[in-house]
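# Coordinate inspection notes
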Amino acid sequence: MSAAIPVTTDTLPSNVPKLEIKGTNWAIFSLRLQIAIEAKELWKHFDGTTPRPVGPPIAGPNGTTVSSPPDPDDLAKWQKNENLVKHLLFQRIPDSTALRVRNLTDVVAMWTEIVREYTEK
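Residues numbered from 1 in each chain as written. Predicted model: local features only at pLDDT ≥ 70, side-chain atom pairs only at ≥ 80, totals over all residues. Heavy atoms only, no water.

## Examining the overall build of the protein chain
Looking only at helices and strands, the protein chain has five helices and two strands in total. Ordered by position from the N terminus, the helices and strands of the protein chain form the series α-α-β-β-α-α-α. Relative to a compact globule of 121 residues, whose C-alpha radius of gyration would be 14 Å, the protein chain shows 18 Å and is clearly more extended. The dimensions of the protein chain, computed from C-alpha atoms along their principal axes, are 55 × 50 × 20 Å. In the protein chain, once contacts between residues fewer than 6 apart in sequence are set aside, the share between residues at least 24 apart is 58%. (Helix = DSSP H or I, 4+ residues; strand = E, 2+ residues; numbered from the N terminus. Rg over C-alpha atoms; globule rule 2.2 N^0.38 Å. Contact = heavy atoms within 4.5 Å.)

Below, the structure written as structure tokens:
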């Protein structure tokens, strides 16, 4: 019988390099980061397929449709995972990049900006 190897959730493996400020290691950084995050089953926060939960639409005034508040448990779980992937990402990006993307709305927006910046270098 083989024992399962635990996946530590709050750190990245040492084979994920810190992204060089000039982006010279972008190809290997982005590949290894994606593989590590996928192993933690959290890549959907990077590619946007796990968006922030919203409640079901309800009828608003004058025939408009508005979203009701999301389920508190769903929102709490999403926020916990979002905070974790942000923590993981910020472990391996340059400080200047972290400061530039820190105020974006979510990890998918941060990652989109990082990809744009480093694929242009």
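Still more to cover.
## Side note on the packing of helix 1 (residues 26-39) against helix 5 (residues 107-119)
Describing two packed helices takes the angle between their axes plus the distance from one axis to the other. Contact pair helix 1 / helix 5: the axes reach a minimum separation of 11 Å and the direction vectors enclose 155°. In terms of their interaxial angle, helix 1 and helix 5 are classed as roughly antiparallel. The hand of the helix 1/helix 5 crossing is left-handed. Across the interface between the two elements, Trp-26, Phe-29, Ser-30 and Leu-33 from helix 1 touch Trp-111, Ile-114, Val-115, Tyr-118 and Thr-119 from helix 5. Here the contact of helix 1 with helix 5 is composed, by residue class, of seven nonpolar, two polar and no charged. (Axes fitted to C-alpha atoms, helices over the stretch in contact; angles between N-to-C directions. Parallel < 35°, antiparallel > 145°, perpendicular 65-115°, else oblique. Left-handed = near helix turned anticlockwise from the far one by under 90°. Nonpolar A, V, L, I, M, F, W, Y, C, P; charged D, E, K, R; others polar.)

## Quick word on helix 5
Helical periodicity: at 3.6 residues per turn, an α-helix aligns residues three or four positions apart in one direction. A rise of 1.5 Å per residue sets the reference length of helix 5, with its 13 residues, at 18 Å; its end C-alpha atoms lie 18 Å apart and thus fit the reference within 8%. Buried within helix 5 are the following residues: Val-107, Met-110, Trp-111, Ile-114, Glu-117 and Tyr-118. Buried residues of helix 5, viewed axially, fall in a sector of 130°; they line one side. (Expected span 1.5 Å × (residues − 1). Buried < 20%, exposed > 50% of the residue type's maximum accessible area, 1.4 Å probe, protein only. Arc of directions from axis to C-beta.)

## With respect to the nonpolar core
Grouped together as the largest cluster of nonpolar side chains are 23 residues, with contacts concentrated most on Phe-29, Leu-33, Ile-37, Phe-46, Leu-89, Trp-111 and Ile-114. When residues of this core are traced back to their parent elements, those giving at least two are helix 1, helix 3 (72-91), helix 4 (95-101) and helix 5. Setting aside anything within four residues of it in sequence, one finds Ile-114 in contact with Trp-26, Leu-89, Ile-93, Thr-97 and Val-101. (Core = buried A, V, L, I, M, F, W, Y, C linked by side-chain atoms within 4.5 Å.)

## Observations concerning a nonpolar patch on the surface
A cluster of nonpolar side chains, contributed by Ile-28, Leu-31 and Ile-35, occupies part of the molecular surface with about 250 Å² of accessible area. With respect to the secondary-structure elements, Leu-31 resides in helix 1. For Leu-31, a relative accessible area of 46% corresponds to the partly exposed category. (Patch = residues over 30% accessible without salt bridge, like charges linked within 9 Å, V, L, I, M, F, W, Y side chains within 5 Å. Areas by Shrake-Rupley, 256 points an atom, 1.4 Å probe, with all protein chains shown as cover. Salt bridge = Lys/Arg side-chain N within 4 Å of Asp/Glu carboxyl O.)

## Focus: the packing of aromatic side chains
Counted by the stated rule, this structure contains seven aromatic pairs. Aromatic side chains Trp-26 and Phe-29 sit 5.9 Å apart centroid to centroid with 40° between the ring planes, which places their arrangement in the tilted category. Of this pair, Trp-26 and Phe-29 are both found in helix 1, three residues apart, which corresponds to roughly one turn of the helix. Where Phe-46 meets Trp-111, the ring centres are 5.4 Å apart and the plane angle is 80°; that geometry is what we call edge-to-face. Separated by 65 residues along the polypeptide, Phe-46 in helix 2 (residues 44-47) and Trp-111 in helix 5 bring together distant segments of the chain. Across the pair, Trp-111 and Phe-46 agree in class, each one buried. (Phe/Tyr/Trp six-rings, centres within 6.5 Å; stacked < 30°, edge-to-face > 60°.)

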